[in-house]
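Here are the chains, one letter per residue:
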Amino acid sequence: EAEVAQSPRYKITEKSQAVAFWCDPISGHATLYWYRQILGQGPELLVQFQDESVVDDSQLPKDRFSAERLKGVDSTLKIQPAELGDSAMYLCASSPGQGRNYEQYFGPGTRLTVT
Amino acid sequence: RKEVEQDPGPFNVPEGATVAFNCTYSNSASQSFFWYRQDCRKEPKLLMSVYSSGNEDGRFTAQLNRASQYISLLIRDSKLSDSATYLCVVNTYVDSSYKLIFGSGTRLLVRP
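Since the model is a prediction, treat every value here as computed from it, not as a measurement. (Residues numbered from 1 in each chain as written. Chains lettered and ligands numbered in written order. Predicted model: local features only at pLDDT ≥ 70, side-chain atom pairs only at ≥ 80, totals over all residues. Heavy atoms only, no water.)

Enquirer: I'm lost on the interface of chain A and chain B in this one. Help?
Expert: The accessible area lost on association of the parts is a frequent measure of interface size. Each partner contributes to the interface: chain A provides 23 residues, whereas chain B provides 19 residues. A buried area of about 1,800 Å², summed over both sides, lies between chain A and chain B, and 50% of it is on carbon and sulfur atoms. On the chain A side of the contact with chain B, A:Pro43, A:Arg100 and A:Phe106 bury the most area, a combined 30% of that side's loss. Along the contact surface separating chain A from chain B lie one salt bridge. Close ionic contact of B:Lys99 with A:Asp56 constitutes a salt bridge, the shortest N to O distance being 3.0 Å. For the pair chain A and chain B, the interface holds three residue pairs in polar contact (both at pLDDT 80 or more). (Contact = heavy atoms within 4.5 Å. Buried area = accessible area lost by both parts, 1.4 Å probe. Salt bridge = Lys/Arg side-chain N within 4 Å of Asp/Glu carboxyl O. Polar contact = N/O pair within 3.5 Å; in protein donor to acceptor, adjacent residues only side chain to side chain.)

Structure representation (structure tokens):
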């Protein structure tokens, strides 16, 4: 069964450092999402791509976060500089397209700890 | 007020019990509804979609009441393996795109 791949699975970094996460969606999935999940809460959307274009980044803290999907396939999410409050699980998801009934498939996530 | 609200639990039930989770959502324009399951330190996975007519998948039954903006999940004959967090999810069309809005989840513990 095809899966969404993410790396690294775990990352510990000091505050003020830069950190990057990578996601490879299921082959053929045009829509890619990055979510942040703080412990005890549900995932919150950071950014949504349709192919290589950003569809929604309204919840992305653009002063420190950036995301790209240059060729419309894999994607990178970067944080610079990291802050203590960024400690969370970062989840990538993909779906065949946008729409009310498309299922989103999640990757295993990257657990970030900022010290 | 959160867009999707759930009782965080935990619900601690014995094997074989029936347990029900409830969820309310605030945006009346929400278009589709789901329950996701999330095991500890794992990613969320789709459990089932929720339809106005109600739908059943084995031991799981989901109901949607659009008038009350209320969603429910019923689990019959609970198994130890049902222990997880259950996320209520609403798909809403906002700012020219569909967006999944997640509740904070309800934690279920099934004991022997």
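Having seen the model, we can carry on.
Enquirer: Can you walk me through the environment of A:Tyr10 in this structure?
Expert: Tracing the backbone shows A:Tyr10 in strand E2 (residues 10-13). Spatially, the C-alpha atoms of A:Tyr10 and A:Val47 are 21 Å apart, while their sequence positions differ by 37 residues. (Helix = DSSP H or I, 4+ residues; strand = E, 2+ residues; numbered from the N terminus.)

Enquirer: How should I be thinking about the nonpolar core in this particular structure?
Expert: Buried together is how nonpolar side chains tend to be arranged in soluble globular proteins. The biggest cluster of nonpolar side chains holds 24 residues, and the ones touching the most others in it are B:Phe21, B:Trp35, B:Ile71, B:Leu73, B:Ile75, B:Tyr86 and B:Leu108. Going through the elements one at a time, strand E3 (19-25), strand E4 (32-38), strand E5 (44-50), strand E7 (60-65), strand E8 (70-75), strand E9 (84-94) and strand E11 (106-111) of chain B are the ones with two or more residues in this core. Apart from the residues within four sequence positions on either side, B:Ile71 is in contact with B:Phe21, B:Asn22, B:Cys23, B:Tyr25, B:Phe33, B:Trp35, B:Val50, B:Gln63, B:Leu64, B:Cys88 and B:Val90. A:Leu32, A:Val47, A:Tyr90 and A:Leu112 belong to the second-largest nonpolar core, a separate cluster that totals 20 residues. (Core = buried A, V, L, I, M, F, W, Y, C linked by side-chain atoms within 4.5 Å. Buried < 20%, exposed > 50% of the residue type's maximum accessible area, 1.4 Å probe, protein only.)

Enquirer: What is the right way to read the pattern of salt bridges from this model?
Expert: Once their charged atoms are close, side chains differing in charge can pair, the charge on each being opposite to the other. All names here are of chain A. One pass over the structure, following the stated rule, counts nine salt bridges over all chains. Measuring nitrogen to oxygen at the nearest pair gives 2.6 Å for the salt bridge that ties arginine 64 to aspartate 86. Separated by 22 residues along the polypeptide, arginine 64 in the loop between strand E6 (53-56) and strand E7 (65-68) and aspartate 86 in the loop between strand E8 (75-79) and strand E9 (88-95) bring together distant segments of the chain. Here the two residues arginine 64 and aspartate 86 agree in accessibility, since each one is buried. It is possible to trace a salt-bridge network through shared partners that takes in Arg36, Arg64, Glu83 and Asp86.

Enquirer: Looking at this model, I keep getting lost on the sheet that holds E7(A). Mind explaining?
Expert: The pairing of strands in a sheet happens through backbone hydrogen bonds and is either parallel or antiparallel. Residues and elements named next belong to chain A. Reading across the sheet, the four strands line up as E1-E3-E8-E7 and stay open at both edges, with antiparallel pairing between neighbours. Each end of this open sheet is capped by a strand with a single partner; those strands are strand E1 (5-7) and E7. Between one strand and the next, the sheet's axes are offset by a mean angle of 15°, whatever the strand orientation. Taken together, the three bridges between E1 and strand E3 (residues 19-24) define a ladder with antiparallel strand orientation. Its bridge partner lying in E3, glutamine 6 is registered against cysteine 23. (Pairing = 2+ DSSP bridges. Axes fitted to C-alpha atoms, helices over the stretch in contact; angles between N-to-C directions.)

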